[in-house]
Amino acid sequence: MDINSWSIEQWYLYSLIFLAICMILYLFFGDIADGLGEGIPFFNPTVILAFLTFFTALGFIIETFTSLSSILIGIISGVISFILDILLYYFILIPLKSAEVSMAYTEESLGGQVGKVIVPIPIDGFGEVVVETVNGIISKRATSYDNVEIPYDSKVLIIEVTKGTLYVREYDPIF
């Protein structure tokens, strides 16, 4: 099969198949390529692959079902692909990038939060406190910061966290 004898529809179709393979590979190895697009937003491999896929798919469909000239079809496909690519970038990729939230928390981030005692904290001993965060409910070992007993169901303020232990003080809200 000679490449020079391919029709324009075949060029679009084979390009579309090649781009589909590239997208599958990008799914598996995309983290390597993502570093390339950090500084230049439209050099993002996802944006480039999406544009080329839109272009070849639209070109193939329009070429197959209409009798327009190939140059006009290329221009129409390019303009529509560019518009779809911009919409994809601004309404899907940017919100997804900014929505990336880690479910992890650091012990330092617990300092200053208010928790509730679920196992009473004795003098010079340990109890247990639950803290509600955006990531869910965390229960941790706790001891009194002032060496006083803290009863069950008391609200406590986390003063510091050391080696997985919360140092807490009974919480009296001002208002």
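Located above this text is the structure these notes cover.
Cut-offs and rules
Residues numbered from 1 in each chain as written. Predicted model: local features only at pLDDT ≥ 70, side-chain atom pairs only at ≥ 80, totals over all residues. Heavy atoms only, no water. Helix = DSSP H or I, 4+ residues; strand = E, 2+ residues; numbered from the N terminus. Buried < 20%, exposed > 50% of the residue type's maximum accessible area, 1.4 Å probe, protein only. Areas by Shrake-Rupley, 256 points an atom, 1.4 Å probe, with all protein chains shown as cover. Pairing = 2+ DSSP bridges. Patch = residues over 30% accessible without salt bridge, like charges linked within 9 Å, V, L, I, M, F, W, Y side chains within 5 Å. Salt bridge = Lys/Arg side-chain N within 4 Å of Asp/Glu carboxyl O. Core = buried A, V, L, I, M, F, W, Y, C linked by side-chain atoms within 4.5 Å. Contact = heavy atoms within 4.5 Å. Axes fitted to C-alpha atoms, helices over the stretch in contact; angles between N-to-C directions. Phe/Tyr/Trp six-rings, centres within 6.5 Å; stacked < 30°, edge-to-face > 60°.

> Please explain the overall build of the protein as it appears in this structure.
For the protein, the count of helices and strands is 3 helices and 5 strands. Counting helices and strands in the order they occur from the N terminus, the protein gives α-α-α-β-β-β-β-β. Burial statistics for the protein: of 175 residues in total, 27% are counted as buried. Of the roughly 11,800 Å² that the protein leaves accessible, carbon and sulfur atoms contribute 67%.

> It is not clear to me how the pairing of strand S3 (residues 136–144) should be interpreted in this structure. Could you clarify?
One face of the sheet, then the other: side chains in a regular strand alternate in exactly this way. Relative to S3, strand S2 (residues 127–133) runs antiparallel, the two sharing 7 bridges. Paired with Glu128 across the two strands is Arg141, which belongs to S3. Counting the residues between successive antiparallel strands, the hairpin from S2 to S3 contains 2 residues. Strand direction decides the pairing type here: S3 and strand S5 (residues 165–170), joined by 4 bridges, are parallel. If you follow Ala142 over to S5, its bridge partner there is Leu166.

> Any chance you could explain unusual backbone geometry here in plain terms?
Note: most peptide bonds trans; most residues except glycine with negative phi. Positive phi values are uncommon outside glycine, yet Asn147 reaches one of about 60 degrees. Tracing the backbone shows Asn147 in the loop between S3 and strand S4 (155–162).

> What am I meant to see in a nonpolar patch on the surface here?
A cluster of nonpolar residues, Ile71, Ile75, Val79, Ile80, Ile83, Leu84, Leu87, Tyr90, Phe91, Ile92, Ile94 and Leu96, forms a patch on the protein surface that exposes about 1,100 Å² of accessible area. Among the secondary structure elements, Ile80 is positioned in helix H3 (residues 70–98).

> So what exactly am I meant to see when it comes to the nonpolar core here?
The nonpolar side chains of a soluble globular protein tend to be buried with one another. Grouped together as the largest cluster of nonpolar side chains are 12 residues: Leu110, Val117, Ile121, Val129, Val131, Ile138, Ala142, Ile150, Val156, Ile158, Leu166 and Val168. Elements that contribute at least two residues to this core include exactly S2, S3, S4 and S5. Setting aside its immediate chain neighbours within four residues, Val156 contacts Gln113, Val114, Gly115, Lys116, Val117, Val129, Ile150, Val168, Arg169, Glu170 and Tyr171. Of all hydrophobic cores here, the second largest spans 5 residues; its members include Val47, Ala50, Leu88 and Tyr89.

> Would you mind going over the sheet that holds strand S1 (residues 114–119) with me for this structure?
Remark on secondary structure: sheet strands pair via backbone hydrogen bonds, oriented parallel or antiparallel. The strand order S1-S2-S3-S5-S4 describes a closed barrel built from 5 strands, whose pairing is mixed. Sheet twist, expressed as the average angle between the axes of neighbouring strands with direction ignored, equals 55 degrees.

> Teacher, can you tell me more about the packing of aromatic side chains here?
For any pair of aromatic rings, the description consists of the separation of the ring centres together with the inter-plane angle of the planes. Under the criterion given, the structure shown has 3 aromatic pairs. Relative to Phe55, the ring of Tyr12 has its centre 6.2 Å away and its plane inclined at 65 degrees; by these criteria the two rings are edge-to-face. Of this pair, Tyr12 sits in helix H1 (residues 8–34) while Phe55 sits in helix H2 (residues 45–65); the two residues are 43 residues apart in sequence, bridging distant segments of the chain. In this structure Tyr12 comes out as buried when scored by relative accessible area, which is 8%.

> Got a minute to help me understand the pattern of salt bridges in this structure?
Counting across every chain of the model gives 2 salt bridges. For Lys116, the salt bridge identified is with Asp153, shortest N-O distance 3.3 Å. Here Lys116, found in strand S1, pairs with Asp153, found in the loop between S3 and S4; they are 37 residues apart in sequence, far enough to count as distant. Of the residues examined, Asp153 reaches a relative accessible area of 43% and is grouped as partly exposed. Between Asp146 and Arg169 there is a salt bridge, with its nearest N and O atoms 2.8 Å apart. With Asp146 in the loop between S3 and S4 and Arg169 in strand S5, the pair connects residues that are 23 residues apart, well separated along the chain. Since its relative accessible area comes to 35%, Arg169 is described here as partly exposed.

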